[in-house]
Amino acid sequence: MGVHAVKAKSISDLESQIITARGRDRPSVIVIDTDAVPGPGEGGGGFWWDVAVPEVGTSEKLNAARTEYVRNRDFQKLVN
């Protein structure tokens, strides 16, 4: 029971791996090497990674991080 992991060698291979992953009956992880180049998105990388911040906490720092997360999440563009 675990995930199926694969490394894509190119953009076309990534696209193919995504299609294949959708047909699996378990979660998949697809890894692809990237280059840090200027572009749109958070920090110029082109994408904002959705790593959730806990909804409930007792510290002001955590609550501020959650507020910022929710604000940034509103700008997501899903590509599935």
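Residues numbered from 1 in each chain as written. Predicted model: local features only at pLDDT ≥ 70, side-chain atom pairs only at ≥ 80, totals over all residues. Heavy atoms only, no water.

A short note on the overall build of the chain
Step number 1: When its secondary structure is counted, the chain shows two helices and two strands.
Step number 2: Written out in order from the N terminus, the α and β elements of the chain read β-α-β-α.
Step number 3: Out of the 80 residues belonging to the chain, those deemed buried represent 11%.
Step number 4: The contacts of the chain with a sequence gap of at least 6 include a subset with a gap of at least 24, amounting to 29%.
Step number 5: Carbon and sulfur atoms make up 57% of the accessible area of the chain, which amounts to about 7,000 Å² in all. (Helix = DSSP H or I, 4+ residues; strand = E, 2+ residues; numbered from the N terminus. Buried < 20%, exposed > 50% of the residue type's maximum accessible area, 1.4 Å probe, protein only. Contact = heavy atoms within 4.5 Å. Areas by Shrake-Rupley, 256 points an atom, 1.4 Å probe, with all protein chains shown as cover.)

Brief notes about the pairing of strand β2 (residues 28-32)
Step number 1: In the sheet, strand β1 (residues 4-8) pairs with β2 via five bridges, with the strands oriented parallel. For A8, the partnering residue across the bridge sits in β2 and is I32.
Step number 2: Running through helix α1 (residues 11-22), the crossover from β1 to the neighbouring parallel element β2 is right-handed. (Pairing = 2+ DSSP bridges. Right-handed = clockwise from strand over helix to strand, strands pointing away.)

Side note on helix α2 (residues 60-73)
Step number 1: The end-to-end C-alpha separation of α2 is 20 Å, in line with the 20 Å expected for 14 residues at 1.5 Å each.
Step number 2: Buried within α2 are the following residues: R66, Y69 and N72. Buried residues of α2 fall within an arc of 130° about the axis and therefore sit on the same side. Of the exposed residues in α2, those oriented more than 90 degrees away from the buried face are E60 and T67. (Expected span 1.5 Å × (residues − 1). Arc of directions from axis to C-beta.)

Thoughts on the pattern of salt bridges
Step number 1: Counted by the stated rule, this structure contains two salt bridges.
Step number 2: Note that K7 and D33 form a salt bridge whose closest N and O atoms lie 3.1 Å from each other. With a gap of 26 residues between them, K7 in strand β1 and D33 in the loop between β2 and α2 connect regions that are remote in the sequence.
Step number 3: Among the residues examined, D33 registers a relative accessible area of 59% and is labelled exposed.
Step number 4: Between R66 and E55 there is a salt bridge whose closest N-O contact spans 3.8 Å. Taken together, the residues span a long stretch of sequence, with R66 in helix α2 and E55 in the loop between β2 and α2 at a distance of 11 residues. (Salt bridge = Lys/Arg side-chain N within 4 Å of Asp/Glu carboxyl O.)

Here's the deal with α1
Step number 1: For α1, with 12 residues, the first-to-last C-alpha span of 17 Å sits near the 16 Å given by 1.5 Å per residue.
Step number 2: When α1 is considered as a whole, its buried residues turn out to be D13, Q17 and A21. Buried residues along α1 cover an arc of 75° about the axis, so they all sit on one side. Exposed residues pointing more than 90 degrees away from the buried face of α1 are listed as I11, I19 and R22.
Step number 3: Buried residues belonging to α1 abut β1 and β2.

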